[in-house]
Amino acid sequence: MKKVLLLLFLLFFGPWATSQVKLEYKLEKDDVFTIKQEAKQVITQKLEGAEHELTNVIDGVLEFKVLGEEDDNYEIALTFKDLNLKMVSSIQGELMNVAAKEIVEGDMQSHIFNSLLEHPIQMTLSRNGHILRVRGGDSLVAKMAQASGLEDEFSLNMMKKSLEKEFGSEALSNSYEQMTYLYPQQQVGPGDTWENEYTGKLSTKNKWTLETIEDTSAKITGKAEVIMDITEPATTMNLSGTQATHITTDISSGFIKKMKVEGESKGTGTMAQLGDQKIPTTITSTITYERIN
């Protein structure tokens, strides 16, 4: 009888005990993770029956090196190892085509983005992936502005203001939290859900689901409500939409193996030359991250 009871206990309670997992970052000093990022964003605007489509394509390689642990958080050096950008307008043709590793004499953009490479930025990462601080973004922006070759102080300051929106400490924190801020505080099992949110130009409220646990990997899906609020001197965009995420992550370290984020947002935009006229705007995007080391 005791053997029967023991067998029933193992059958009914054993799976629950083994299926629970603590999803979090478990890192050691000098760990290095190399991530390849690819992103495509299509902005479509319609005005009086005419349509303009702007396509942005970015790919790059990022290195995350663990510097150590402090106050139960991790200090990490983020370094851009490669970056390529291309922007194409359906009306004006190619607007930008830059390979950061290739300096083209007389091309300001190639000099600016080349200076981005091999310049470590330090971030503080919590165990659940929340980026608490980023340091070094301001010095990176200053280096990129200096590489532009501009000499007068006014032009340099304008360049810095522009670059800060994408490569300043706050901008980098908001940008890469999408890749890191994934995990709950509590243990979870297949089918369990949890929520978090992050803010910036792209603000999202995320609901995550642990789909499966397989050996050293976990598969996670996410659905999010998205608000995009962009205000620039020449244009503004106010959009809302949804985002779907599929992740395969390494349980032993917490770093992703693969991640795909697909989103669509709709709303309106304005352009300075058109005054307050609101232009129907749609943005679709696909971003993939893959660990290559």
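Report on the accompanying structure.

Cut-offs and rules
- Residues numbered from 1 in each chain as written.
- Predicted model: local features only at pLDDT ≥ 70, side-chain atom pairs only at ≥ 80, totals over all residues.
- Heavy atoms only, no water.
- Helix = DSSP H or I, 4+ residues; strand = E, 2+ residues; numbered from the N terminus.
- Buried < 20%, exposed > 50% of the residue type's maximum accessible area, 1.4 Å probe, protein only.
- Contact = heavy atoms within 4.5 Å.
- Areas by Shrake-Rupley, 256 points an atom, 1.4 Å probe, with all protein chains shown as cover.
- Lys, Arg positive; Asp, Glu negative; His and termini not counted.
- Charge placed at Lys NZ, Arg CZ, Asp CG, Glu CD.
- Axes fitted to C-alpha atoms, helices over the stretch in contact; angles between N-to-C directions.
- Parallel < 35°, antiparallel > 145°, perpendicular 65-115°, else oblique.
- Nonpolar A, V, L, I, M, F, W, Y, C, P; charged D, E, K, R; others polar.
- Phe/Tyr/Trp six-rings, centres within 6.5 Å; stacked < 30°, edge-to-face > 60°.
- Salt bridge = Lys/Arg side-chain N within 4 Å of Asp/Glu carboxyl O.
- Expected span 1.5 Å × (residues − 1).
- Core = buried A, V, L, I, M, F, W, Y, C linked by side-chain atoms within 4.5 Å.
- Pairing = 2+ DSSP bridges.

1. Points about the overall build of the protein
Here comes step 1: In terms of regular secondary structure, the protein is built from five helices and 12 strands.
Here comes step 2: For the protein, the residues scored as buried account for 43% of the 293 residues in total.
Here comes step 3: Pairs at least 24 residues apart make up 57% of the contacts formed inside the protein by residues separated by at least 6 positions.
Here comes step 4: Summed over its atoms, the accessible surface of the protein is roughly 16,000 Å², and 53% of this surface lies on carbon and sulfur atoms.
Here comes step 5: The protein carries 30 positive and 43 negative side-chain charges, and their two centres are separated by 7 Å.

2. Regarding the packing of helix H4 (residues 153–167) against helix H5 (residues 169–180)
Working note: a packed helix pair is described by the angle between its axes plus the distance between those axes.
Here comes step 1: The interhelical angle for the contact between H4 and H5, taken along N-to-C directions, is 25 degrees, at an axis separation of 6 Å. Judged on the interaxial angle alone, H5 and H4 are roughly parallel. In this structure, H4 uses Glu164, Lys165, Glu166 and Phe167 to contact H5, whose residues at the interface are Ser169, Ala171 and Leu172.
Here comes step 2: Considered class by class, the residues forming the contact of H4 with H5 number three nonpolar, one polar and three charged.

3. Quick notes on the packing of aromatic side chains
Here comes step 1: Taken as a whole, this structure holds seven aromatic pairs when the rule is applied.
Here comes step 2: Ring centres of Phe113 and Phe167 lie 6.1 Å apart, and the angle between their planes is 70 degrees; on these two criteria the pair is classed as edge-to-face. With a gap of 54 residues between them, Phe113 in helix H2 (residues 108–114) and Phe167 in helix H4 connect regions that are remote in the sequence.
Here comes step 3: Residue classification places Phe113 among the buried residues on the basis of a relative accessible area of 9%.

4. Remarks on the pattern of salt bridges
Here comes step 1: Per the counting criterion, the structure on display carries 12 salt bridges.
Here comes step 2: When the shortest N-O distance is used, the salt bridge between Asp30 and Lys29 registers 3.6 Å.
Here comes step 3: Residue classification places Asp30 among the partly exposed positions, given a relative accessible area of 47%.
Here comes step 4: The class for Lys29 is exposed, based on a relative accessible area of 57%.
Here comes step 5: In this structure, the salt-bridge partner of Asp250 is Arg291, at a minimum N-O distance of 3.6 Å. Note that Asp250 is positioned in strand E10 (residues 235–250) and Arg291 in strand E12 (residues 279–291), a separation of 41 residues in sequence.

5. Some points on H4
Here comes step 1: Helix length check: H4 (15 residues) gives 20 Å between terminal C-alpha atoms against 21 Å at 1.5 Å per residue, within 8%.
Here comes step 2: Structurally, H4 contributes buried residues whose contacts are with H2, helix H3 (137–147) and H5.

6. As for the nonpolar core
Here comes step 1: Leu23, Phe64, Phe113 and Phe167 are the most contacted members of the largest nonpolar core, which has 55 residues in total.
Here comes step 2: The element that contributes the greatest number of residues to this core is strand E3 (residues 73–89), accounting for six residues.
Here comes step 3: Ranked by size, the runner-up nonpolar core spans seven residues in total, among them Met228, Met237, Leu239 and Ile283.

7. Structural notes on the pairing of E12
Here comes step 1: Looking at chain direction, strand E1 (residues 32–47) and E12 are connected through 11 bridges and run antiparallel. By the bridge assignment, Val42 is partnered in E12 with Thr284.
Here comes step 2: Sheet topology places strand E11 (residues 256–271) next to E12; 12 bridges connect them, and they run antiparallel. When the sheet's bridge partners are listed, Lys260 is paired in E12 with Thr288.

8. Remarks on H5
Here comes step 1: In this model, H5 (12 residues) spans 16 Å end to end at C-alpha, consistent with the 16 Å of a helix rising 1.5 Å per residue.
Here comes step 2: The element H5 is largely enclosed, with a buried count of nine among its 12 residues.
Here comes step 3: Within H5, the full set of buried residues consists of Ser169, Ala171, Leu172, Ser173, Tyr176, Glu177, Gln178, Met179 and Thr180.

9. What to know about the pairing of strand E6 (residues 131–135)
Here comes step 1: Of the strand pairs in this sheet, strand E5 (residues 121–125) and E6 are connected by four bridges, and their pairing is antiparallel. Across the sheet, the residue bridging to Met123 is Val134, located in E6.
Here comes step 2: Hairpin connection from E5 to E6: five residues lie between these consecutive antiparallel strands, with Gly129 at a positive phi of about 100 degrees.

10. Observations concerning the environment of Glu195
Here comes step 1: Turning to its location among the elements, Glu195 is positioned in strand E7 (residues 193–198).
Here comes step 2: On the accessibility criterion, Glu195 (62% relative accessible area) is exposed.
Here comes step 3: The spacing of Glu195 and Asp82 is 113 residues in sequence and 33 Å in space, taken between C-alpha atoms.
Here comes step 4: Every residue in contact with Glu195, bar those within four places of it in the chain, is listed here: Asn206 and Lys207.

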